[in-house]
Structure formats: C-alpha cells, structure tokens
Amino acid sequence: MHAEQVVLLLAAAVAAGWVDAVVGGGGLIQLPALLLLNPGQPVATALATNKLGSIAGTTSAAIAYARKAKPDVRVAVPAGLLAVCCAAGGALCAAAISSDVLKPVIMVVLLAVAAIVVLRPDLGRLPRPVLRTRRRVAAAVLVPGVAIAFYDGLLGPGTGTFLVIAFTALLGMDFVNASATSKIINAGTNLGALAVFAAQGHVLWAIGLAMAVCNIVGAQVGAHMAINRGAGFVRAVLLCVVSALVLKLGYEQFG
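Residues numbered from 1 in each chain as written. Predicted model: local features only at pLDDT ≥ 70, side-chain atom pairs only at ≥ 80, totals over all residues. Heavy atoms only, no water.

Engineer: How do you make sense of the overall build of the protein when you look at a structure like this?
Structural biologist: The helix and strand inventory of the protein stands at 10 helices and zero strands. Written out in order from the N terminus, the α and β elements of the protein read α-α-α-α-α-α-α-α-α-α. Relative to the compact-globule value of 18 Å for 255 residues, the protein shows a C-alpha radius of gyration of 17 Å, a close match. By principal-axis analysis of the C-alpha atoms, the protein measures approximately 55 × 35 × 35 Å. Expressed as a percentage of contacts within the protein between residues at least 6 apart in sequence, the contacts between residues at least 24 apart total 83%. By element, 71% of the accessible surface of the protein is carried by carbon and sulfur atoms, the whole surface being about 11000 Å². (Helix = DSSP H or I, 4+ residues; strand = E, 2+ residues; numbered from the N terminus. Rg over C-alpha atoms; globule rule 2.2 N^0.38 Å. Contact = heavy atoms within 4.5 Å. Areas by Shrake-Rupley, 256 points an atom, 1.4 Å probe, with all protein chains shown as cover.)

This is the structure in structure tokens:
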C-alpha cells in the first residue's frame, strides 16, 4: 500500500473507533476502507484485519466506560464468555453461508430497530429497572452472547448497534449504560472471530496493529463524548448508524 492509502486507512480506523465506542457500527467505516484501499486482498483478510483493529477499540472503550458509567457486569461477563465461543463458531461458518442470503434479513431487522427508536422517543433515555426480571436477564445473556455473537463472527455489520438495542429493550437500560455493557460483549465477539481468522492465517498484522492504535484513539474520544453528552446524543448517533447500515446493505443487495 502507498503512504496516502495507509493514512486514509488509519483515519478511517479513528472514525470507526469513535462510532463503535458511541453506539457500535464502526465496521461500516473500517471494513469498506480496507476493501477499497487494498483491493488485491481476499475478503477474509479484510475481515480478519478489521477484527484486529476493532478488538483494541472496543476493549479500550469498555475500560473508559467502566471508569465513569455502570456496565452491568453480572450480565456482560457471562454473555461475553459465551460470545467468544459463539463468534468463533460464526467465523468458522462464514465460508459456508452466503452473506447474500442474510443481508435482506438484516435489513428488515435494522429497519425494525429504526422504527422502534423513532416511534418510542423515551426508549433508552432513562433507565427502567422495573423490566429487570429473571427471564429478561437470562435473555439478555443468551441473545447477545449466542445469537448476536454468532452473527458477528459470520458477517458483522451492526453488531454493536444490535447489542445496545438488546440491552435497552430487554433490561430497560438507558443508552449510555447499554453502550457500556455492550462493549464487553463486543470485545468477546471480536476476540472469538479474530482467533479463528488468525489461526487460518488471514490477519495482516502490521497494518492491523497500526489500525488498532487508531481505533483506541477514536474509542477514547467516543466513549467520553457518550458519557458526557448522555442518552440523547447516543440515540441520535444510533439512528444515523442504522440508516447508514440500511443504505449500505440495500445498495449491496439491489444496487
């Protein structure tokens, strides 16, 4: 890669770290940048290198949130441990399942997410602890730790966004605490998928480590902005990310 390509890729990594830290969806920026700026590489290599950058950003954001926000560790730790295994399983299945089959389903889910956020303006603004029952806590461990984690290893776009919505809807968290909790699981999904991709020899370590540093920079800025500006700011970014994901997937499917 030429120097200007590397600079653009690292700038994309900073932006991706910021988006991931606020509400998830940084792969919307980072993965296309990898594919466009280094077009000769296999798609699996781009996915693997993206995971290397992302795991640094999500882990950094998780630490920043833990210092000032209140991630629900009783849910996040078991879900995160499950996520490592299930994301690895998704990565192993990535070559066997066509993403073209999944994209229309993901678009429908994303549109439903956008509709819920728009039609329920109070969602995620304030915590609703009354929703926290044993069944909902179990669902909040299994849905992110198994289903969403498997999806992240298999395909990936919007994983952080799905995690935030899951914790908001299931446990009545506000958007800031949901985002804080989601970072722990997201770090687990990235670790599981990265382990599989690394074992298969797909990771570009030099550029991936440089992107990891840039992800950390963006993640620190994003996490502190989310904490300081509150749930309304996270909600606005969430809607922007969901809209961008729908447009991207729609263009890939029908464009």
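Engineer: Any chance you could explain helix α8 (residues 175-199) here in plain terms?
Structural biologist: For α8, built from 25 residues, the straight-helix expectation of 36 Å at 1.5 Å per residue is met to within 8% by its first-to-last C-alpha distance of 36 Å. Its maximal kink placed at lysine 183, α8 deviates by approximately 25 degrees. Along α8, 20 of the 25 residues are buried, which leaves the element largely enclosed by surrounding structure. Capping the start of α8 is the job of one residue whose side-chain oxygen sits 2.9 Å from the backbone nitrogen of valine 176: aspartate 174. (Expected span 1.5 Å × (residues − 1). Bend = angle between axes of the 7 residues up to and from the residue. Buried < 20%, exposed > 50% of the residue type's maximum accessible area, 1.4 Å probe, protein only. Polar contact = N/O pair within 3.5 Å; in protein donor to acceptor, adjacent residues only side chain to side chain.)

Engineer: What's the story with the layout of surface pockets in this structure? I'm lost.
Structural biologist: Empty space among the atoms becomes apparent when a probe as large as a water molecule is rolled across them. For the second largest pocket, the calculated volume is near 310 Å³. Along the walls of the second largest pocket sit 13 residues, with Val109, Ala147, Ile148, Tyr151 and Phe162 positioned nearest its centre. Among the secondary structure elements, those contributing two or more residues to the lining of the second largest pocket are α5 (99-119), α6 (134-154) and α7 (159-171). The element that contributes the greatest number of residues to the lining of the second largest pocket is α7, accounting for five residues. (1 Å grid on protein atoms, 1.4 Å probe; cavity = no way out; pocket = protein on both sides within 12 Å on 5 of 7 lines; lining within 4 Å. Points joined across faces, edges and corners; volume = space filled by probe spheres on them.)

Engineer: Would you take a moment to explain empty space enclosed by the protein for this structure?
Structural biologist: The final tally for this structure, using the stated rule, is one cavity of 30 Å³ or more. A volume near 30 Å³ is recorded for the largest cavity. Around the largest cavity, the lining residues are Leu47, Lys51, Asp152, Gly153, Leu154, Leu155 and Phe197. Mapped by element, the contributors of at least two residues to the lining of the largest cavity are α3 (43-68) and α6. When the residues that make up the lining of the largest cavity are grouped by side-chain class, the tally is four nonpolar, one polar and two charged. (Nonpolar A, V, L, I, M, F, W, Y, C, P; charged D, E, K, R; others polar.)

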